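Residue-level listing of the chains:
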Amino acid sequence: MRESRRLTGTRGAIVAAARQLFERQGVARTTVAAIAKAANVTRELVYYHFGSKQRVICAVVDDYVEDLVETVIVWNESRAFGDTAGSLRKCIRLFRYALYDASGWPRPMIAVLEELGIRDAFDVRATRETAECLSSHIAAEYAAFHEVEIELVFEMFCLVIFGMVGLVKVQPGIPDEALMKVVEQTLRLDMVPLEAPSEASAASR
């Protein structure tokens, strides 16, 4: 899977500082001067790298999207071969914690997105990019050892991701096991554990 696209160096420090300030005091109350001070750079350097506060805001939103995509990357690296149930359980847990804290409260980014009036647009973008990661990599690996019982794989991933976000909004206390069952039934996943293939059989695929 692809590497992180999160900004690094001076640009990354500016985005991290802006994100922290936006989440603490809101976007409207955060000035470029305050961002520069928090990032330990000059105001001119912020404008050199981004040109305007609006572009800093866009970079912070990009960073939020990257949070969710990196969640998929981290989850993919932690998966054990053939353990569909265990992988799905970890995926649900990571999904929930990407959006809500341990007490079930929305993470600070939600307030930022709502202040900007882009919560729905963000959900659409995050869903699309996450679904692309899943359908391009995870689905192909799954199909090598299981029969895929659905058509329109990318579209079904979009439906599941967007639907889970909405479901957790409607039922914040819904248990992980229930979310797992929803995903399992919607994608018609084969939950029977598999043994890891031998090197010879794996090479022949």
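Structure first, text after, so check above.
Since we're looking at a predicted model, the values are computed, not measured.

Caption draft 1: Spatial organisation of the pattern of salt bridges. By the definition in use, this model includes 19 salt bridges. The salt bridge partner of arginine 96 is aspartate 176, with a shortest N-O separation of 2.8 Å. Residue arginine 96 is located in helix H5 (residues 84-99), and its partner aspartate 176 is located in helix H9 (residues 176-187); the two are separated by 80 residues in the primary sequence. Across the pair, aspartate 176 and arginine 96 agree in class, each one buried. A salt bridge links glutamate 129 to arginine 125; the shortest N-O distance between them is 3.2 Å. Within this pair, glutamate 129 and its partner arginine 125 are both found in helix H7 (residues 119-143), separated by four residues, close to a single helical turn. Since its relative accessible area comes to 12%, glutamate 129 is described here as buried. Taken together, the shared-partner salt bridges connect Arg6, Arg19, Glu23, Asp63, Asp67 and Glu70 into one network.

Caption draft 2: View of the nonpolar core. Judged by nonpolar contacts, the single largest core of 58 residues is most densely connected at Phe22 and Phe122. Considering every element that reaches this core, the biggest residue donor is helix H4 (residues 53-78), with twelve residues. Other than its neighbours up to four places away in sequence, phenylalanine 22 contacts Val27, Thr30, Ile35, Ile57, Val60 and Val112.

So, how was this worked out
Residues numbered from 1 in each chain as written. Predicted model: local features only at pLDDT ≥ 70, side-chain atom pairs only at ≥ 80, totals over all residues. Heavy atoms only, no water. Salt bridge = Lys/Arg side-chain N within 4 Å of Asp/Glu carboxyl O. Helix = DSSP H or I, 4+ residues; strand = E, 2+ residues; numbered from the N terminus. Buried < 20%, exposed > 50% of the residue type's maximum accessible area, 1.4 Å probe, protein only. Core = buried A, V, L, I, M, F, W, Y, C linked by side-chain atoms within 4.5 Å. Contact = heavy atoms within 4.5 Å.

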